[in-house]
Every structure is written in structure tokens, then in C-alpha cells.
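Inside the fold
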Amino acid sequence: MEEMIDSSVELFNELLSKYKLSDAQLQLIRDIRRRGKNKLAAQNCRKRKLEVIQTVEDEVRCAVKQLDIGSNVQIRQMLMVAACWWTHIPCWFAWFESWQQSGTKSAFVK
């Protein structure tokens, strides 16, 4: 199975030519190969997405430390919201809902 998915097109066609297969069998084998390749591509895509999110979160943490804004909660909130917005939009909505419920004003509202 892995050989079928990981092989080049030329090698795959060579493997198929070794057997007498009906059109339906060939179509099924090609579908299995396509699904297998798509599954691997989706896994790699999810992995890259998580790596990008982690990188941006690390950069924000580093920026917060470099600015030395330990007591300035509003700036820290703005940086974290920016990171959430670009990397994980549901985080933005969760923060916004909690902010609305708390009733506090921040640098976002003048």
C-alpha cells in the first residue's frame, strides 16, 4: 500500500502494467492512491499550520519581554489579541466575549 502511494507516477504505472486489471479495478487503485496522497498532504498542511502558530506565539512572547511592559496590561492585551487574531481567530472571539462581560474599557475603545 505505501509503495503504491509513495511511488512516482512512472513506477506506479509500471506496477499496474504487471497485472491484468479491469477498468474498474484500475479506477479503484487510482482512487486509493489519490486518497492516500491527499491524506499525507493534509497531515503535512496541519503540521505546518501548527508550526506557524507556535512561531508567531513565540515571537509575541519575545516582543512582550523585550518591551518590558510588565505593568502595562493594555499593551500586553493588544499584543496577545494581535497574535490570536492572526493565528487563531476563535481565540479572538473568546477574548472579546470575556472582555465584553468584564465591562472594562481598554485601549481598543476610546
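Just so it is clear, the structure is predicted and the values come from calculations on it, not from any experiment. (Residues numbered from 1 in each chain as written. Predicted model: local features only at pLDDT ≥ 70, side-chain atom pairs only at ≥ 80, totals over all residues. Heavy atoms only, no water.)

**Description of the overall build of the protein chain**
Applicable threshold: Counting from the N terminus, the helices are DSSP H or I runs at least four residues long and the strands are E runs at least two residues long. For every residue, the accessible area obtained with a 1.4 Å probe (protein chains only) is divided by the maximum for its type, and the residue is called buried under 20%, exposed over 50%, and partly exposed between those limits. The Shrake-Rupley method, run with a 1.4 Å probe sphere, supplies the accessible areas, and residue values consider only the shown protein chains as cover.
For the protein chain, the helix and strand inventory stands at 5 helices and 0 strands. Tracing the protein chain from N to C terminus, the helices and strands come up as α-α-α-α-α. Taking all 110 residues of the protein chain together, the buried fraction comes to 19%. Entry remark: accessible area of the protein chain is about 8,900 Å², with carbon and sulfur atoms responsible for 58%.

**Considerations on the environment of Ser 7**
Here is the rule we go by: Any pair of residues with heavy atoms lying within 4.5 Å of one another is described as a contacting pair.
Among the secondary structure elements, Ser 7 is positioned in the loop between helix H1 (2-6) and helix H2 (9-17). Judged by its relative accessible area of 7%, Ser 7 falls in the buried class. Sequence separation between Ser 7 and Arg 33 is 26 residues; the distance between their C-alpha atoms is 9.6 Å. Filtering out sequence-adjacent residues up to four positions away, Ser 7 remains in contact with Phe 12, Arg 33 and Lys 37.

**Focus: the packing of aromatic side chains**
Quick reminder of the rule: Ring pairs are drawn from Phe, Tyr and Trp, using the six-membered ring of Trp, whenever the two centres fall within 6.5 Å, and their geometry is named by plane angle: stacked under 30 degrees, edge-to-face over 60, tilted for the rest. Two limits define a charge over a ring: the Lys NZ or Arg CZ must be within 6 Å of the ring centre, and within 35 degrees of the ring normal.
As enumerated under the stated definition, the model contains 0 aromatic pairs in all. Directly above the ring of Phe 12 sits Arg 33, whose terminal nitrogen or CZ lies 4.4 Å from the centroid.

**A few points about the pattern of salt bridges**
The test is simple: The salt bridge definition used is simple: a Lys or Arg side-chain nitrogen within 4 Å of an Asp or Glu carboxyl oxygen.
Enumeration according to the criterion identifies 1 salt bridge in this entry. A salt bridge links Asp 31 to Arg 34; the nearest nitrogen and oxygen atoms lie 3.0 Å apart. In this pair, Asp 31 and Arg 34 are both assigned in helix H3 (residues 23-67), 3 residues apart and thus about one turn of the helix distant. Asp 31 gets classed as buried once you look at its relative accessible area, which sits at 17%.

**Thoughts on the nonpolar core**
Counted only if it meets this: Nonpolar core, defined: a set of buried Ala, Val, Leu, Ile, Met, Phe, Trp, Tyr and Cys residues in which side-chain atoms within 4.5 Å join the residues together.
Met 4, Phe 12, Leu 16, Leu 26 and Ile 29 together form the largest nonpolar core, which totals 5 residues. At the level of secondary structure, the elements contributing two or more residues to this core comprise H2 and H3. Residues within four places of Ile 29 in sequence aside, it is in contact with Met 4, Phe 12, Leu 16 and Leu 21.

**Describing the side chain of Arg 33**
Using the following cut-off: We score Asp and Glu as negative and Lys and Arg as positive, and we do not count His or the chain ends.
As for its placement among the helices and strands, Arg 33 is situated in helix H3. Asp 6 provides the closest opposite charge to the buried, salt-bridge-free Arg 33, at an N-O distance of 7.7 Å. Residues in contact with Arg 33, not counting those within four places in the same chain, are Met 4, Ile 5, Ser 7, Ser 8, Val 9 and Phe 12.

**As for the confidence of the model for the protein chain**
Heads up, the condition is: pLDDT is defined as a per-residue confidence score from the predictor, taking values between 0 and 100.
Scored by pLDDT, the protein chain has a mean of 76; 60% of the residues are at 70 or more. When the elements of the protein chain are averaged for pLDDT, helix H5 (residues 89-102) gives the smallest value, 60, and H3 the largest, 87. In this model residues 106-110 is a low-confidence stretch, pLDDT under 50, and it forms 9 contacts with partners more than four residues away in sequence or in other chains.

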